Amino acid sequence: TYGLYIKNLDTGEDYRRNETHSFYGASLYKLPIAVATVKALENGSLISNQTVEYLYSDYYTGSGIINRSPFGTSFTISELLSALVKNSDNVAQSMLRRTLGEDVVMSTFHMAPVDPDYYIKNIVSPWDTGVYLEEIHNTSYINEKSKSYLLGLMSVTDFDDRISQHLNSHLTFSHKIGSGPEHNSWHDCGVVSGSKNLTLCLMSENTTYAEFLE
């Protein structure tokens, strides 16, 4: 099953296919946590060189490399944010979520009118993710400097072998992926900028990675 939502941010035109189908979001869950972190840096409740200690309770398997570090290792907020976005690091997600607090994280998930199950169960549709990206792009929830910082981090990642490789070279894709092998789910969602400005979200389930790439 595939779901696709594309919106031209310049004209308002969109293209949809199964855009409201609900998928397990996998690491798309990290996008609101990244937004919450950038907003906290913006309002001064976090500082980029502030350090956070890696605790046993933060441990998580899967993507990322922080889980190879000894417990007690300290990482700066900027290091954790970079790992979260660029490496889709699961431990970075745990550490930032703990540092931000659940009230802050929950409010950031709800900044856009998306399915409540996104925050609770990590269930989300291409339309939900597209709307969330549009809110980041079009509103003042985070300021222009913060948007530029976040989208810059999202533009060069360990996972630029999905949609990115099919875009013209003059376009930039600031994106977040999701990989859920246990659900046979593969996702890639973000903001295309350049001669065209789009939000684009492709999600799948019950498919192989090769089929998703195709």
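Residues numbered from 1 in each chain as written. Predicted model: local features only at pLDDT ≥ 70, side-chain atom pairs only at ≥ 80, totals over all residues. Heavy atoms only, no water.

Novice: So what exactly am I meant to see when it comes to the pattern of salt bridges here?
Specialist: Any two side chains of opposite charge can pair, so long as their charged atoms come close to each other. Considering all chains together, one arrives at 6 salt bridges under this definition. A salt bridge links Arg 16 to Glu 19, with the nearest nitrogen and oxygen atoms 3.6 Å apart. In this structure Glu 19 comes out as buried when scored by relative accessible area, which is 15%. Between Glu 144 and Lys 147 there is a salt bridge; the shortest N-O distance is 3.2 Å. Taken as a pair, Glu 144 and Lys 147 lie in helix α7 (residues 144–155) at a separation of 3 residues, close to a single helical turn. Given the relative accessible area of 56%, Glu 144 is considered exposed. We classify Lys 147 as buried; its relative accessible area is 7%. Through salt bridges that share partners, Asp 14, Arg 16 and Glu 19 make up one connected network. (Salt bridge = Lys/Arg side-chain N within 4 Å of Asp/Glu carboxyl O. Buried < 20%, exposed > 50% of the residue type's maximum accessible area, 1.4 Å probe, protein only. Helix = DSSP H or I, 4+ residues; strand = E, 2+ residues; numbered from the N terminus.)

Novice: Just checking my understanding: could you explain the packing of aromatic side chains for this structure?
Specialist: Two measures describe an aromatic ring pair: the distance that separates the ring centres and the angle between the ring planes. What the rule picks out here adds up to 8 aromatic pairs. Ring geometry for Tyr 29 against Tyr 118: centres 6.3 Å apart, planes inclined by 90°, an arrangement best described as edge-to-face. Pair noted here: Tyr 29 is in the loop between β3 (23–24) and α1 (30–43) and Tyr 118 is in helix α5 (residues 117–121), with a separation of 89 residues, a long-range link. One exposure class covers both Tyr 29 and Tyr 118, and it is buried. A ring pair is formed by Tyr 56 and Phe 71, whose centres lie 5.4 Å apart and whose planes are at 70°; its orientation type is edge-to-face. Of this pair, Tyr 56 sits in the loop between β4 (51–53) and β5 (74–76) while Phe 71 sits in the loop between β4 and β5, and the two are 15 residues apart along the sequence. Take Phe 71: its relative accessible area is 43%, and that puts it in the partly exposed class. The residue whose ring lies beneath Lys 39 is Tyr 141, and the NZ or CZ to ring-centre distance is 4.5 Å. (Phe/Tyr/Trp six-rings, centres within 6.5 Å; stacked < 30°, edge-to-face > 60°. Lys NZ or Arg CZ within 6 Å of the ring centre and 35° of its normal.)

Novice: I keep staring at the packing of α1 against helix α2 (residues 77–86) and nothing clicks. Help me out?
Specialist: A packed helix pair is summarised by two numbers, namely the angle formed by the two axes and the spacing between the axes. It is the contact of α1 with α2, at a shortest axis distance of 10 Å, that shows an interaxial angle of 155°. It follows from the interaxial angle that α1 and α2 lie roughly antiparallel. Both α1 and α2 take part in a crossing whose hand is left-handed. Two secondary-structure elements touch here, α1 through Lys 30, Ile 33, Ala 34, Thr 37, Val 38 and Leu 41 and α2 through Ile 77, Leu 81, Leu 84 and Val 85. (Axes fitted to C-alpha atoms, helices over the stretch in contact; angles between N-to-C directions. Parallel < 35°, antiparallel > 145°, perpendicular 65-115°, else oblique. Left-handed = near helix turned anticlockwise from the far one by under 90°. Contact = heavy atoms within 4.5 Å.)

Novice: In this structure, what is going on with helix α6 (residues 126–138)? I would like to understand it.
Specialist: One turn of the α-helix equals 3.6 residues, which is why residues spaced by three or four share an orientation. Taking 1.5 Å of rise per residue, the 13 residues of α6 would be expected to cover 18 Å, and the 18 Å separating its terminal C-alpha atoms lies within 8% of that figure. Considered for burial, the residues of α6 that qualify are Pro 126, Asp 128, Thr 129, Gly 130, Val 131, Tyr 132, Leu 133, Glu 134 and Ile 136. (Expected span 1.5 Å × (residues − 1).)

Novice: Help me understand the sheet that holds strand β2 (residues 14–17), please; the structure alone is not making it clear to me.
Specialist: What holds strands together in a sheet is hydrogen bonding between their backbones, with the strands either parallel or antiparallel. The 5 strands are arranged β2-β1-β9-β8-β7 in an open sheet whose pairing can be described as antiparallel. The sheet terminates laterally at β2 and β7 (172–180), the two strands that pair on one side only. Neighbour-to-neighbour, the strand axes of the sheet open up by a mean angle of 5°, direction not taken into account. Here β7 pairs with strand β8 (residues 185–193) via 9 bridges, running antiparallel. Considered in β8, the bridge of Lys 176 is made with Cys 189. (Pairing = 2+ DSSP bridges.)

Novice: Hey, could you run me through the state of the cysteines in this one?
Specialist: Each disulfide consists of a covalent bond between the sulfur atoms of two cysteine residues. All chains considered together, the criterion is met by 1 disulfide. The disulfide bridge from Cys 189 ends at Cys 201, spanning 2.0 Å between sulfur atoms. With Cys 189 in strand β8 and Cys 201 in strand β9 (residues 198–204), the pair connects residues that are 12 residues apart, well separated along the chain. Cys 201 shares its class with Cys 189; the two are buried. (Disulfide = S-S within 2.5 Å.)

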